[in-house]
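Below are the chains, spelled out letter by letter.
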Amino acid sequence: MLKMRGVEVSYGKICALHGVDLEIRSGEIVTLIGANGAGKSTLLMAISGLARPIQGCIEFLGEEIQALPPNRIVERGISQVPEGRRIFPQLTVRENLELGAFCRHDPQGVRDDLAYVFSLFPILASRSQQLGGTLSGGEQQMLAISRALMARPSLLLLDEPSLGLAPIVIRQIFSIIQKINQEHKTTVFLVEQNANLALKVASRGYVLENGRVTMTDSADNLLRHEGVRQAYLGV
Ligand SMILES: Nc1ncnc2c1ncn2[C@@H]1O[C@H](COP(=O)(O)OP(=O)(O)O)[C@@H](O)[C@H]1O
Ligand SMILES: [Mg+2]
């Protein structure tokens, strides 16, 4: 579904990604784990068109997308839940969700998807007129995921959805991510520092160190790998 070949991204003199190769197949949950500063967010932004590769190619459903503007990439079926959620605090829950559907021209489909995200996260339905900024951290993450789903993506990119949330909320959000993948056949690319959790919901994983993919394997093998355990699982 998605193929990255030799992708390089720089911020001025700082090279954040050095020739990344990666592949995501339709229907999978794939995780990217790595320390703070490894380049995880940059890699997601390269896919969604928010960071421009200076070299390499990104193919989605057989077509190159690395030169497309972000809105065209959303239209092709990729939407991103950014790190730190980035919901619009002065807009209501419902307005935030409507913005997620800005590129669509099928009002009935948008209404169906609104009902779908409200069924996934009933709390958002009961808070639909509340301002986004007044939601708790967990509710804001639910809103950010729902807003991304409103574009009806075939590939959902999640940047550290567990960041700063209580364990019980994290479990709830991760079980919904699995549900979206199973029921809606949405392919998921999950970026996490919480490797233990990510490797439990994903089928495969990549390890990113200093802008380079240093390992890729099944999630089970990565969970058992001594180097991964020491570096990312704290055991
Ligand atoms: N806008 C930016 N300008 C300059 N350097 C940046 C910018 N964003 C990220 N970086 C640098 O790029 C590297 C990778 O950052 P990032 O992709 O945010 O890593 P991660 O998400 O894994 O924590 C880091 O060294 C970071 O300091
Ligand atoms: Mg990041």
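This text gives an overview of the structure that appears in the document. Quick caveat: nothing in here was measured; it's all calculated off a predicted structure. (Residues numbered from 1 in each chain as written. Chains lettered and ligands numbered in written order. Predicted model: local features only at pLDDT ≥ 70, side-chain atom pairs only at ≥ 80, totals over all residues. Heavy atoms only, no water.)

**Side note on the pattern of salt bridges**
Side chains that differ in sign of charge can pair as their charged atoms come close.
So, step 1. Evaluation of the coordinates by the stated rule reveals 11 salt bridges.
So, step 2. Across the salt bridge formed by glutamate 160 and lysine 40, the nearest N and O atoms sit 3.7 Å from each other. Residue glutamate 160 is located in the loop between strand E7 (155–159) and helix H7 (167–184), and its partner lysine 40 is located in helix H1 (residues 40–48); the two are separated by 120 residues in the primary sequence. Accessibility classification places glutamate 160 together with lysine 40 in one group, the buried group.
So, step 3. A salt bridge links arginine 104 to aspartate 113, with the shortest nitrogen-to-oxygen separation between them at 2.7 Å.
So, step 4. Owing to a relative accessible area of 5%, aspartate 113 belongs among the buried residues under this scheme.
So, step 5. When salt bridges that share partners are traced, they join Arg104, Asp106, Asp113 and Arg152 into one network. (Salt bridge = Lys/Arg side-chain N within 4 Å of Asp/Glu carboxyl O. Helix = DSSP H or I, 4+ residues; strand = E, 2+ residues; numbered from the N terminus. Buried < 20%, exposed > 50% of the residue type's maximum accessible area, 1.4 Å probe, protein only.)

**Focus on the state of the cysteines**
So, step 1. Using the criterion set out here, one finds 0 disulfides in the structure.
So, step 2. For cysteine 15, which is in no disulfide, the shortest distance to another cysteine sulfur is to cysteine 57 and amounts to 17 Å.
So, step 3. Residue cysteine 15 is classed as partly exposed on the basis of its relative accessible area of 26%. (Disulfide = S-S within 2.5 Å.)

**A word on helix H10 (residues 226–233)**
An α-helical turn contains 3.6 residues, so any two residues separated by three or four positions project in the same direction.
So, step 1. Those residues of H10 not exposed but buried are Val228, Tyr232 and Leu233. In an axial view of H10, the angular spread of the buried residues amounts to 75°, which keeps them on one side of the axis. In H10, those exposed residues whose orientation departs by more than 90 degrees from the buried face are Gln230 and Ala231.
So, step 2. At its buried positions, H10 is contacted by strand E3 (29–33), helix H8 (195–201), strand E9 (204–209), strand E10 (212–218) and helix H9 (219–224). (Arc of directions from axis to C-beta. Contact = heavy atoms within 4.5 Å.)

**Quick notes on the side chain of threonine 31**
So, step 1. Within the fold, threonine 31 resides in strand E3.
So, step 2. For threonine 31, a relative accessible area of 1% translates into the label buried.
So, step 3. The residues contacting threonine 31, other than those within four sequence positions of it, are Phe189, Leu190, Ala198, Leu199, Ala202, Arg204, Gly205 and Tyr206.

**A word on the coordination of the magnesium ion (ligand 2)**
So, step 1. Looking at the magnesium ion (ligand 2), the protein donor atoms are Ser41 (OG) and Glu83 (OE), and they sit 2.0 to 2.1 Å from it. Of this pair, serine 41 sits in helix H1 while glutamate 83 sits in the loop between strand E6 (78–81) and helix H3 (93–100), and the two are 42 residues apart along the sequence.
So, step 2. For glutamate 83, a relative accessible area of 31% translates into the label partly exposed. (Donors = N, O, S within 2.8 Å, 3.2 Å for Na, K, Ca; no water.)

**Looking at the pairing of E3**
So, step 1. Buried residues dominate E3, accounting for 5 of its 5 residues.
So, step 2. Covered by surrounding structure in E3 are Ile29, Thr31 and Ile33 together with Val30 and Leu32, the residues of both alternating faces.
So, step 3. Pairing geometry for E3 and strand E8 (residues 187–192), over 5 bridges, is parallel. Pairing of isoleucine 33 across the sheet is with glutamate 192, part of E8.
So, step 4. Direction of pairing for E3 relative to E9: parallel, over a ladder of 4 bridges. Looking across to E9, one finds that isoleucine 33 is bridged to valine 207. (Pairing = 2+ DSSP bridges.)

Nothing here speaks to function; it is geometry throughout.
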